[in-house]
Amino acid sequence: MKTTVSIIKADIGSYTGHQKVHEELKKKAGELLKDEKSKGTLLDYYVASVGDDLDLILTHDKGIDSKDIHGAAWNVFMECTEIAKGLKLYGAGQDILSDAFSGNVKGMGPGCAEMEFEERRSEPIVAFLMDKTEPGAFNLPIFRMFGDPFNTAGLIIDPNMHKGFRFEVYDIKNHKKVMLKTPEELYDLLALIGAKSRYVIKRVYPGPENKVPENEAAAVISTDKLHEIAGEYVGKDDPVALVRGQSGLPAVGEIVEPFAFPHLVSGWMRGSHNGPLMPCSQKNAIPTRFDGPPRVVALGFQLNEGTLVGPMDVFADVAYDRARTKALEVADYMRRHGPFEPHRLGPEDMEYTTLPKVMEKLKDRFESI
Ligand code: F6R
Ligand code: MG
Ligand code: MG
């Protein structure tokens, strides 16, 4: 049986400021998705939130880019926006950039990561949900899962993985993509994805000799760029990802291991600062400090004929306590730089800035040196 897993997410309002999705919104989302499940549109669903983002984890048999599924998610966001407006939540309807649904949420504000595959005898999946950062935040951990033998022992030990993986990389500024194979093209891959604000990993596929079919994605990341869509800053494009695990793919323990290192990502306050990505439980996914630090939640599920068995709130484990402590130390260190780079992003990566106005005001006072 072919199952599709879709995460469709949007920031449609939060409290206080950009911190948390209101329970009323999650309740409404759950009710609406329950109806969709009873109508047969969905096989199953789980409603999650991280910071100000409402994340709908949906399973179905309709394939990726399904009008029915995207329409159902769109409807949830529209109805929840009404509740958010009623409560005067902050940024109510922020990610709803269009009034009319045209068949697919892409380009309309929400972010989306989907994959369709033949469900294996046992199918573990991990949904990663981030807030206050950008899609490139996934480059380092996804690379480590599928390309780094110091993280993933299976690349050395499991004959299925020994020939590596294929990485589909998007150039998000030029709207082009390239497929790179590891280990053969490891350095080329790193040359691109190290520049994470421009080149982002979109999907990872198994290499040759893997028992998982080569055309079935093992990982997919949302790459929607809100500020490019709207032509102006309308909110960070906080990303989500789906990763399949075990039996020829990285083990779940190898999939979550990269997040034990709280690497620096861009986002945080006003989408304009570098800061550590802190792994945390759903309960603690409330970025209060300087609107951060950026958070990542990992929800593990077993698929059972499209039904979601779970979730396991992976980063609730005490094993990530030290990563959190390190993240807070790094947060303190970065914050002390105030408006100075590299805490503040370089001008080209900032989501919004007064710099052009400052330059305009001072332009006649600049003298040659
Ligand atoms: C939003 C975000 C926040 C806001 C900040 C300023 O996801 O990252 O840090 O950018 O709170 O928000 P405004 O400009 O709406 O006052
Ligand atoms: Mg918000
Ligand atoms: Mg957000």
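Once a new chain begins, its residue numbering starts again from 1 and follows that chain's sequence as written. Chain letters start at A and ligand numbers start at 1, both assigned in the order the entries are written. Where local features are concerned, this predicted model is filtered to residues with pLDDT of at least 70; where side-chain atom pairs are given and counted, the filter is 80 or more; whole-chain, interface and lining totals use all residues. Water and hydrogen atoms were dropped before computing side-chain values, which therefore reflect all heavy atoms in the structure.

Thoughts on the overall build of the protein chain
Then comes step 1: Each helix and strand counted, the protein chain has 9 helices and 15 strands in total.
Then comes step 2: It is over C-alpha atoms that the radius of gyration is taken, and the globule rule equals 2.2 Å times the number of residues to the power 0.38. Since a compact globule built from 369 residues should have a radius of gyration of about 21 Å, the 20 Å found for the protein chain is in line with a globular shape.
Then comes step 3: For the protein chain, the spread of C-alpha atoms along the three principal axes comes to 70 × 50 × 40 Å.
Then comes step 4: Counting only residues that meet the buried cut, the protein chain has 55% of its 369 residues in that class.
Then comes step 5: Here the accessible surface of atoms and residues is derived via Shrake-Rupley with a 1.4 Å probe, and residues count as covered only by protein chains that are part of the display. Here the protein chain displays about 16500 Å² of accessible surface, and carbon together with sulfur accounts for 53% of that area.
Then comes step 6: If the 46 positive side-chain charges of the protein chain are averaged to one point and the 55 negative ones to another, these points end up 3 Å apart. Helix and strand labels come from DSSP, where a helix needs a run of H or I of at least four residues and a strand needs a run of E of at least two; each type is numbered from the N terminus. When accessible area is computed with a 1.4 Å probe and restricted to protein chains, residues below 20% of their type maximum are described as buried, those above 50% as exposed, and intermediate ones as partly exposed. In this charge count, Lys and Arg are treated as positive and Asp and Glu as negative; neither His nor the chain ends contribute. Where a charge sits is defined by one atom per residue type, namely NZ (Lys), CZ (Arg), CG (Asp) or CD (Glu).

Some points on the coordination of the magnesium ion (ligand 3)
Then comes step 1: Around the magnesium ion (ligand 3), the protein supplies Asp52 (OD), Asp53 (OD), Asp131 (OD) and Asp238 (OD) as donor atoms, at distances of 2.0 to 2.3 Å.
Then comes step 2: Each metal's donors are the N, O and S atoms found within 2.8 Å of it, except that Na, K and Ca use a 3.2 Å limit; water is left out, so coordination can look incomplete. Read in sequence order, the donor residues coordinating the magnesium ion (ligand 3) give the pattern D-D-x77-D-x106-D.

Notes on the state of the cysteines
Then comes step 1: Two cysteine sulfur atoms form a disulfide, by the criterion used here, when they sit within 2.5 Å. In total, this model carries 0 disulfides according to the counting rule given.
Then comes step 2: The cysteine cysteine 112 is free of any disulfide, with cysteine 80 supplying the nearest cysteine sulfur at 17 Å.
Then comes step 3: For cysteine 112, a relative accessible area of 5% gives the class buried.

What about the pattern of salt bridges?
Any two side chains of opposite charge can pair, given that their charged atoms come close.
Then comes step 1: Within this document, salt bridges are pairs made up of a side-chain nitrogen of Lys or Arg and a carboxyl oxygen of Asp or Glu, the two lying within 4 Å of each other. Tallied over the full model, the rule gives 22 salt bridges.
Then comes step 2: With its nearest N and O atoms 3.3 Å apart, the salt bridge here joins aspartate 53 to lysine 9. Taken together, the residues aspartate 53 in strand S3 (residues 53–60) and lysine 9 in strand S1 (residues 2–10) connect sequence positions 44 residues apart. Exposure class is identical for aspartate 53 and lysine 9. Each is buried.
Then comes step 3: One salt bridge connects lysine 181 with glutamate 184, and the closest N-O pair in it is separated by 3.4 Å.
Then comes step 4: Looking at glutamate 184, the relative accessible area reads 52%, which means it is exposed.

Digging into the coordination of the magnesium ion (ligand 2)
Then comes step 1: Taken together, Asp11 (OD), His18 (ND1) and Asp52 (OD) make up the protein donors of the magnesium ion (ligand 2), found 2.1 to 2.4 Å from the metal.
Then comes step 2: Between the magnesium ion (ligand 2) and the magnesium ion (ligand 3), a separation of 5.0 Å is found, and both are coordinated by aspartate 52.

What to know about the nonpolar core
Grouped burial of nonpolar side chains is what soluble globular proteins tend to show.
Then comes step 1: The biggest cluster of nonpolar side chains holds 37 residues, and the ones touching the most others in it are Phe128, Ile142, Phe146, Phe167, Phe259 and Phe315.
Then comes step 2: Top contributing element to this core by residue count: helix H3 (residues 139–147), with 4 residues.
Then comes step 3: Formed by 25 residues, the second largest nonpolar core is a distinct cluster that contains Ile12, Leu42, Val47 and Val76. To form a nonpolar core, buried Ala, Val, Leu, Ile, Met, Phe, Trp, Tyr and Cys residues must be joined to one another through side-chain atoms within 4.5 Å.

Describing the environment of proline 262
Then comes step 1: By the element assignment, proline 262 lies in the loop between helix H7 (252–256) and strand S11 (264–267).
Then comes step 2: Note on proline 262: relative accessible area 5%, which makes it buried.
Then comes step 3: The spacing of proline 262 and leucine 328 is 66 residues in sequence and 9.4 Å in space, taken between C-alpha atoms.

Keep in mind that these numbers describe shape and distance, not what the molecule does.
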